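Structural characterization, general
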Amino acid sequence: MKFSEAYEPVIGLEVHAQLLTESKAFCGCTTKFGNEPNTNVCPICLGMPGVLPVLNKNVVEFVIRMGLATNCRIAPRSIFARKNYFYPDLPKGYQISQYEEPICTGGYVEIDLEDGTRKKIGLTRIHMEEDAGKSIHDQDAQTLMDINRCGGPLIEIVSEPDVRSPREAYLYLYKIRQIVTYLGICDGNMEEGSLRCDANVSVRKKGETSFGTKTEVKNMNSFRNVERAIEFEMNRQLRMLEDGEAVVQETLLWDADKNAAYPMRSKEEAHDYRYFPDPDLVPVLVDEPWIERVKSNLPEHPTTRRDRFISEYSLPWYDANILCEERGIADFFEAEISHLHKDDGAKQKEKIKLVANWVMTSVLRELGQRKIRIEDFSLPTGRLASMIELQVDGTISSRISKELWDEMLESNEDPKVIIEKKGLAQVSDEGAIEKIVNEVLEKNKLQVEKFLSGSERVFGFFVGEVMKATKGKANPTLVNSILKRRLSETVLSK
Amino acid sequence: MSVTVKDVEHVAKLARLEFSETEKEVLTHELNEILGYIEKLNELDTTNVEPLSHVIELSNVVRDDVVRQSASAEEMLQNAPDRTEKFFRVPKVIGER
């Protein structure tokens with residue numbers, strides 16, 4: 001057995017999510033991203049002496065939403081603490097955070113493993129805190145500071161050390177992102193830093209219950225990087241143990257370009273945060289009515305919604321999973337479904353599956369190509385549904401629906417209007433099709449001979465020719481049956 | 001509990017402060033005096049007393065999530081010991097915190 005096979009990684013994740021509030025956590029400055037440096041700044045977030053921070057109510061609302069969506073206990077009383085450290089991105093010299101009495105404790109999220117099973121990842125806590133400013137190192141011989149982001153609202157989601165592989169870490173982070181975006185409390189963008197993830201990694205012999213020495217890996221700005229960085233760190237620790245070395249507790253920074261993590265050059269002393277309750281901020285009391293109100297306004301949980309898509313719409317797990325990945329996509333899908341005419345079971349299922357297929361392929365492709373979000377997709381609600389109806393009732397062929405779709409996106413017109421204008425309706429007139437079939441057979445005598453001498457592949461050629469002659473509008477079922485009949489008649493007449 | 005010169009050096013370093021040896025001696029002495037005074041509290045029996053985090057009996061002091069006009073960048077930058085046109089300028093910081 002390979003050395004590494006006797007070991008398992010033990011991983012805990014700390015995720016910071018930037019909350020989508022209008023104003024900062026403790027002052028009225030805007031949280032808008034991309035403004036001129038140091039323009040979203042006031043004496044409070046700049047830490048001037050004598051100012052008094054006041055908590056933004058929505059920060060509490062948002063963290064309760066997250067706590068409820070992840071099965072946490074919401075503390076009836078929680079307090080803020082000062083986390084003291086000296087660094088220029090934090091002008092006050094301390095970060096307002098929560099330490100001893102965080103607002104959410106003891107929840108879990110469920111991840112879907114590749115083998116189809118679900119696994120619970122425990123949450124130690126979720127707490128509120130403020131963001132730091134941005135240091136710029138490369139524009140000046142010295143360091144430049146932009147304080148705009150400082151004081152912005154964050155929640156920190158701390159997992160139990162329940163994660164057992166880099167893949168599970170990826171899936172966990174994915175689920176967290178899905179939940180915060182469903183809740184509308186964070187945009188979930190890792191590349192822009194709205195969602196950040198640090199990983200605590202250690203390894204131990206399988207079967208052991210105690211933990212090995214852990215290291216912390218930071219600076220991973222994509223899902224893929226989180227997976228790769230943990231993979232790297234896990235293997236590095238395994239090699240050390242195999243060589244009889246001891247793992248040193250330290251913080252490492254992931255370098256995506258070099259595909260490696262390097263120890264951070266800092267003094268251990270910096271980790272002495274001397275937390276104490278912040279006297280400027282009074283306790284936050286959350287009573288049952290408040291929790292109930294937030295609970296009743298929670299959107300459907302993405303996992304619940306996916307399971308409902310499977311049972312209510314008879315969709316395969318794969319489809320339901322893709323459709324529920326983003327709340328906007330799932331909303332779009334369900335809005336279209338609601339515009340379908342109500343038909344009997346089998347037919348309705350067929351139409352729903354067609355809508356699902358269309359969303360998963362054409363809609364997602366369109367969004368990708370235009371680099372837009374579903375919320376910015378201009379197609380009026382119900383258009384896709386009416387197109388599917390037209391396809392199912394035989395007005396248009398499935399081949400024409402692709403042309404109709406492009407036309408719909410282009411002109412934004414109703415599909416029926418487009419069909420009328422462009423003459424896209426399917427030709428189901430048997431006489432007309434038979435006439436074209438005859439012409440095709442007449443023109444391609446050589447191919448007819450081939451077919452009659454046993455080359456069945458030529459059949460497809462005939463279908464293609466008929467379609468070409470009708471610009472794709474001939475009803476394919478009719479084309480097939482008429483062709484078959486005419487060809488067999490030709491055999492008989494020989 | 002007693003404070004040593006080492007403790008003073010540690011706390012000073014965390015606060016990025018520098019002291020002369022004499023100052024360190026004085027501070028060690030003063031901190032010990034303060035702690036000795038506070039030590040008196042240990043005489044109280046607090047077995048059944050909840051830890052107190054705030055002396056004022058207020059809770060849920062919150063504000064609505066409304067943007068208020070920030071101060072002007074110029075006004076905010078004018079107190080800075082060092083600056084560029086738009087940024088605060090600080091000594092080069094390498095590594096992370």
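Source: prediction; values computed, not measured.

What about the overall build of chain B?
The helix and strand inventory of chain B stands at three helices and two strands. In chain B, the succession of α and β elements from N to C terminus is α-α-β-α-β. Computed over its C-alpha atoms, the radius of gyration of chain B comes to 22 Å, more than 25% above the 13 Å expected for a compact globule of 97 residues. Referenced to the eigenvectors of the C-alpha coordinate spread, the extents of chain B come out at roughly 55 × 45 × 25 Å. For chain B, the residues scored as buried account for 22% of the 97 residues in total. Summarising the internal contacts of chain B: among those between residues at least 6 apart in sequence, 30% fall at separations of at least 24. Between the averaged position of the 12 positive side-chain charges in chain B and that of its 20 negative side-chain charges there is a distance of 11 Å.

Some points on the pairing of strand β8 (residues 118-130) of chain A
Within a regular strand, the side chains alternate between the two sheet faces. Residues and elements named next belong to chain A. The buried count for β8 comes to ten of 13 residues, which makes it a mostly enclosed element. In this antiparallel pair of consecutive strands, strand β7 (residues 104-112) and β8, the connection spans five residues, and Gly-116 shows a positive phi of 90 degrees. Here β8 pairs with strand β11 (residues 153-159) via seven bridges, running antiparallel. Paired with Leu-123 across the bridge in β11 is Ser-159.

Topic: the packing of helix α10 (residues 398-411) of chain A against helix α11 (residues 415-422) of chain A
Residues and elements named next belong to chain A. Interhelical geometry of α10 versus α11 gives an angle of 110 degrees and a closest axis separation of 10 Å. Taken together, the axes of α10 and α11 lie roughly perpendicular to each other. Packed against α10, whose contacting residues are Leu-404, Glu-407, Met-408 and Ser-411, the element α11 presents Pro-415, Ile-418, Ile-419 and Lys-422 at the interface. Class assignment for the residues of the contact of α10 with α11 results in five nonpolar, one polar and two charged.

Some thoughts on the side chain of A:His16
Residue and element names in this part refer to chain A. Note on placement: His-16 falls in strand β1 (residues 7-18). A relative accessible area of 13% places His-16 in the buried class. A polar contact of 3.0 Å, which involves the side chain of His-16, links it to the side chain of Glu-156. Not counting the four nearest positions on each side in its chain, His-16 is found in contact with Glu-129, Leu-154, Ile-155, Glu-156, Ser-194, Leu-195 and Arg-196.

Some thoughts on the confidence of the model for chain B
Residue and element names in this part refer to chain B. On average, chain B scores 90 in pLDDT, and the residues at 70 or more come to 95%. Per-element confidence in chain B is highest for strand β1 (residues 62-63), whose mean pLDDT is 96, and lowest for helix α3 (residues 73-77), whose mean pLDDT is 91. Predicted as a complex, the structure gets a pTM of 0.85 and an ipTM equal to 0.90.

Brief notes about the packing of aromatic side chains
Residues and elements named next belong to chain A. For the coordinates displayed, the defined rule picks out 16 aromatic pairs over all chains. Feature note: the residues Tyr-85, Tyr-99, Tyr-273 and Tyr-275 constitute an aromatic cluster, connected by ring pairs. Directly above the ring of Tyr-170 sits Arg-167, whose terminal nitrogen or CZ lies 4.4 Å from the centroid.

Concerning the interface of chain B and chain A
Counting residues at the interface gives 39 residues for chain B and 60 residues for chain A. Where chain B meets chain A, there are two salt bridges. Among the salt bridges present, the one from A:Asp140 reaches B:Arg89, with a minimum N-O distance of 2.9 Å. Along the contact surface separating chain B from chain A lie 25 residue pairs in polar contact (both at pLDDT 80 or more). If you list the elements that add at least two residues to the side of chain B that touches chain A, you get α1 (5-14), β1, α3 and β2 (88-90) of chain B. Here the residues of the side of chain B that touches chain A are counted per class, giving 18 nonpolar, nine polar and twelve charged. Bridging between strand β10 (residues 143-146) of chain A and β2(B) involves three bridges; their strand directions are antiparallel. The residue of β2(B) that forms the bridge with A:Leu144 is B:Arg89.

What counts, and where the lines are drawn
Residues numbered from 1 in each chain as written. Chains lettered and ligands numbered in written order. Predicted model: local features only at pLDDT ≥ 70, side-chain atom pairs only at ≥ 80, totals over all residues. Heavy atoms only, no water. Helix = DSSP H or I, 4+ residues; strand = E, 2+ residues; numbered from the N terminus. Rg over C-alpha atoms; globule rule 2.2 N^0.38 Å. Buried < 20%, exposed > 50% of the residue type's maximum accessible area, 1.4 Å probe, protein only. Contact = heavy atoms within 4.5 Å. Lys, Arg positive; Asp, Glu negative; His and termini not counted. Charge placed at Lys NZ, Arg CZ, Asp CG, Glu CD. Pairing = 2+ DSSP bridges. Axes fitted to C-alpha atoms, helices over the stretch in contact; angles between N-to-C directions. Parallel < 35°, antiparallel > 145°, perpendicular 65-115°, else oblique. Nonpolar A, V, L, I, M, F, W, Y, C, P; charged D, E, K, R; others polar. Polar contact = N/O pair within 3.5 Å; in protein donor to acceptor, adjacent residues only side chain to side chain. pLDDT = per-residue confidence, 0-100. Phe/Tyr/Trp six-rings, centres within 6.5 Å; stacked < 30°, edge-to-face > 60°. Lys NZ or Arg CZ within 6 Å of the ring centre and 35° of its normal. Salt bridge = Lys/Arg side-chain N within 4 Å of Asp/Glu carboxyl O.

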